[in-house]
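Coordinate inspection notes
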Amino acid sequence: MYRVEVEPTEKLATAPLTLVPSYPDLPMEEVYPRVPKTEIAEVYLREAGKGRVVYFPWDIDRTFWEVMCADHGKLLRNAVDWAANEQRPVTVAGPGVLDVTVWRQKDSITVHLVNLTNPMMMKGPFREFIPVGAQRLRVRLPEGKRSKKVQLLVAGGAPARVEERAGVLELTVPSILVHEVVAIDL
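Quick notes on the rules
Residues numbered from 1 in each chain as written. Predicted model: local features only at pLDDT ≥ 70, side-chain atom pairs only at ≥ 80, totals over all residues. Heavy atoms only, no water. Helix = DSSP H or I, 4+ residues; strand = E, 2+ residues; numbered from the N terminus. Buried < 20%, exposed > 50% of the residue type's maximum accessible area, 1.4 Å probe, protein only. Contact = heavy atoms within 4.5 Å. Pairing = 2+ DSSP bridges.

1. Focus on the side chain of His72
Here His72 shows up in helix 2 (residues 70-84). With relative accessibility at 18%, the residue His72 sits in the buried group. Those residues in contact with His72 that lie beyond four places of it in its chain are Trp58, Ile60, Thr63, Phe64 and Val67.

2. Notes on the pairing of strand 7 (residues 149-152)
Across four bridges, the pairing between strand 7 and strand 11 (residues 179-185) is antiparallel. When the sheet's bridge partners are listed, Leu152 is paired in strand 11 with Val182. Of the strand pairs in this sheet, strand 7 and strand 8 (residues 158-159) are connected by two bridges, and their pairing is antiparallel. The residue bridging Gln151 from the neighbouring strand is Pro159, located in strand 8. Counting the residues that bridge the hairpin from strand 7 to strand 8 gives five residues, and of these Gly156 lies at a positive phi of roughly 80°.

3. A look at unusual backbone geometry
Here the amide bond leading from Leu26 into Pro27 is cis, since omega sits at -5°, within 30 degrees of zero. Within the element layout of this structure, Pro27 appears in the segment before strand 1 (44-48). Positive phi values are uncommon outside glycine, yet Met68 reaches one of about 50°. Here Met68 is to be found in the loop between helix 1 (60-67) and helix 2. Within the chain, Asn85 stands out as a residue other than glycine whose phi angle is a positive 55°. Here Asn85 shows up in the loop between helix 2 and strand 3 (90-93).

On their own, these measurements won't tell you what the molecule is for.
Following this line, the structure appears as structure tokens:
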């Protein structure tokens with residue numbers, strides 16, 4: 001982990017994440033934190049006008065990429081959610097690892113789901129594709145809009161069974177081998 005020593009320009013009310021200084025990883029009887037708590041902030045949160053800023057004085061993105069610690073992923077996700085300060089346009093729940101991209105146009109929303117589930121996910125080319133099971137999508141529709149047509153394009157344009165209520169479209173994609181495209185006409 002690479003850190004930058006920083007000093008806040010304003011007094012922080014509270015540091016939501018503080019540094020745990022490193023300690024030996026061997027021998028086993030020496031594996032314990034030497035300092036129980038510090039006040040060294042490892043994330044800074046700030047509201048500036050209508051915007052929000054999250055600053056990590058360390059390379060959380062590279063660290064997450066290299067070690068795939070679930071806590072780092074949650075921290076990144078929560079930081080983006082806080083900074084965005086609005087509901088996510090799409091949420092996906094299901095097994096596996098997916099890359100999710102949303103493309104919105106005047107009269108449509110397109111959701112690309114790319115299946116990255118593979119032991120070689122971080123190591124270069126995949127040697128095989130491992131299908132994932134059902135993915136439950138929740139798509140937030142633009143205010144005042146309703147879906148006219150929803151189809152799964154990779155599945156041959158098959159119409160999707162959807163439920164729509166309170167401006168949220170819910171549907172299930174049965175399975176994804178490599179890629180699926182959910183096309184929503186508004």
